[in-house]
Amino acid sequence: MAYQERAWLTPPAPADGPEAASAPDFSILSFNLLAQDLLRLHSHLYHECDTSSLSWEARRQMLREELLYFHADIICLQEAQMDHFTGFFLPFFAQEGYEAHFFPRVRRTDGCAVAFNTAVFQLLDANALVNVVYSCPEMEDFDVGNVGQIVFLRHLATGRVVCVGNTHIYFNPRRCDIKLLQIAMLFHRIQSESAARDLLGCPLLICGDFNLQPSSLIYNYIVHGSISYCALNRATASKRPRPSLMMHAEHTPFGHHFGNDQLPVWLASMVLQSQDSLEAPRCGLGAGTFGERRRRSSACHIHPFVFEDITAAINQTDVHTHESDHSRSSTPTSPAVNCHTLVHPFALTSTYLHIDRAGTKEMTTKFDWETVDFIFFSKKELVLRESLSLLTASRVRELGGMPGPAFPSDHQSLAARFSFA
């Protein structure tokens, strides 16, 4: 199998980074599984694949073997199909000593799932799992069904708490405005949930299929903390930027990171309400020995003026045309002056460098042989000890393609081992 060719790589020690412990404290794996329903729906994308490798019966066995082989302490899955989660993954995880939780995409048969080894981690409390729906009722085309998960876990050996985010961001390459807002909503939710638990600054990992390239402006927003979107085109912000597009890479906060209500100022203006304490769908609950816990599903609602301002700006509208009397107002529901910068307070970096040691561009998916999957982590609180190497596009082709006899999905899994700083 292809995963057996992948080696664990030790990164060079950062000159000014925290010192590592004698051994990694935990491991994490992220994997877009390729939902069987999506494979059938878009079968034209897989016409060159070995048909005997496309059945769920063949793929589930390969997925099981790969998950067992790495046996990560935390597992984040995307495109987990609902009936396959309940009928296959949930019993599998239970047998292997994991607690697993699933949250479906809106109006879809697949979703995100997170599992953790109960010998290494436990849920921080009964409300430690938060399900996030990226929703904007004022903009119908924004509600595309994508979701995320946030979970707070206590590491049993050290007592440290780690926050894990898992998400699948919108695919459409022409709607980078939606991608940007979905990621901003996830950051906001992580920030507000951490603040509610007095855990701001706790170790943070964010995994998933982000459907953007590491050379893009939105990627820079994730790892540098700030993006000026006044000159962006909605169709290019997740791709390699043109030289004419401006991006503030430094941490330049627009206002303060935290307002009186513990929200970033730019999001405090955007968010009208956040629906808490909602019961998640029954398919979002663990089963068997896991018991049943209440879940909170949150929908961040964007103030219509601010959302219009953002999407119009991303559509290359002149920045000055949107500095109306409303945008200069000091009222709580209007954006502050020149509101064209998004910031987040997390010092994140990627587990992968996106160029391997031979100088070859890394890839995580067969589509354009690009990297679209990531594991981001807070570089001040966590030390990366090892990352799982990725196979090159040429090697994937040699092994029969994705999915194929050696690959159960059209994505490679990502994995890393960390120590607490």
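As the structure is a computational prediction, the values presented were derived from the model and not from experiment. (Residues numbered from 1 in each chain as written. Predicted model: local features only at pLDDT ≥ 70, side-chain atom pairs only at ≥ 80, totals over all residues. Heavy atoms only, no water.)

Asks: Describe the overall build of the chain, naming the residues involved and giving the relevant values.
Replies: When its secondary structure is counted, the chain shows eight helices and 18 strands. Put simply, the chain has 421 residues, and 58% of those count as buried. Contacts in the chain between residues far apart in sequence, at least 24 positions, make up 75% of those at least 6 positions apart. In the form shown here, the chain has an accessible surface area of approximately 16,700 Å², with 52% of it arising from carbon and sulfur atoms. (Helix = DSSP H or I, 4+ residues; strand = E, 2+ residues; numbered from the N terminus. Buried < 20%, exposed > 50% of the residue type's maximum accessible area, 1.4 Å probe, protein only. Contact = heavy atoms within 4.5 Å. Areas by Shrake-Rupley, 256 points an atom, 1.4 Å probe, with all protein chains shown as cover.)

Asks: Describe the pairing of strand E9 (residues 161–168), listing the residues and the values that go with them.
Replies: With eight of eight residues buried, E9 lies mostly within the body of the structure. Residues Val161, Cys163, Gly165 and Thr167 point to one face of E9 and Val162, Val164, Asn166 and His168 to the other, with burial holding for every one of them. Bridge count between strand E8 (residues 147–155) and E9: seven bridges; the pairing is antiparallel. Directly across from Arg154, in E9, lies its bridge partner Val161. Taking the residues between adjacent antiparallel strands as the criterion, E8 and E9 are bridged by five residues, where Gly159 takes a positive phi near 80°. (Pairing = 2+ DSSP bridges.)

Asks: Any details on the pattern of salt bridges? Residues and values, ideally.
Replies: Per the stated rule, a full pass over the model turns up 11 salt bridges. The salt bridge involving Arg197 is made with Glu193; its shortest N-O contact spans 2.7 Å. Neither residue differs from the other here; Arg197 and Glu193 are each classed as buried. Salt bridges here are not isolated pairs; linked through shared partners, they connect Glu5, Arg395 and Glu398. (Salt bridge = Lys/Arg side-chain N within 4 Å of Asp/Glu carboxyl O.)

Asks: Residues and numbers for the packing of aromatic side chains, please.
Replies: How two aromatic rings sit relative to each other is set out by the distance from centre to centre and by the angle between their planes. Per the stated rule, a full pass over the model turns up 24 aromatic pairs. Aromatic side chains Trp8 and Phe70 sit 6.3 Å apart centroid to centroid with 85° between the ring planes, which places their arrangement in the edge-to-face category. Taken together, the positions of Trp8 in strand E1 (residues 8–9) and Phe70 in helix H2 (residues 56–70) put the pair 62 residues apart, joining distant regions of the chain. The partly exposed category is assigned to Trp8, whose relative accessible area is 25%. Classification of Phe70 as buried rests on a relative accessible area of 10%. Their ring planes at 25° and their centres at 5.2 Å tell us that Phe85 and Phe102 sit as a pair that is stacked. You can see Phe85 sitting in helix H3 (residues 82–95) and its partner Phe102 sitting in strand E4 (residues 98–104), a full 17 residues away along the chain. Accessibility expressed as a relative area gives 0% for Phe85, which makes it buried. The class of Phe102 is buried, set by a relative accessible area of 1%. Every member of this aromatic cluster is reached through a ring pair, and the members are Trp56, Phe88, Phe89, Phe92, Phe93 and Tyr98. The ring of Trp8 is capped by Arg417, whose NZ or CZ atom sits 3.8 Å from the centre of that ring. (Phe/Tyr/Trp six-rings, centres within 6.5 Å; stacked < 30°, edge-to-face > 60°. Lys NZ or Arg CZ within 6 Å of the ring centre and 35° of its normal.)

Asks: Please provide a residue-by-residue account of H2, values included.
Replies: In a regular helix each residue adds 1.5 Å, so 15 residues correspond to 21 Å; H2 covers 21 Å between its end C-alpha atoms and thus fits that length. Of the residues making up H2, those classed as buried are Trp56, Arg59, Met62, Leu63, Glu66, Leu67 and Phe70. Here the buried residues of H2 occupy an arc of 135° about the axis, which is enough to place them on one side. The inward-facing, buried residues of H2 contact E1, strand E2 (26–32), helix H1 (36–41), strand E3 (74–81), H3 and strand E17 (382–388). Two residues or fewer after H2 comes His71, characterised by a positive phi angle close to 45°. (Expected span 1.5 Å × (residues − 1). Arc of directions from axis to C-beta.)

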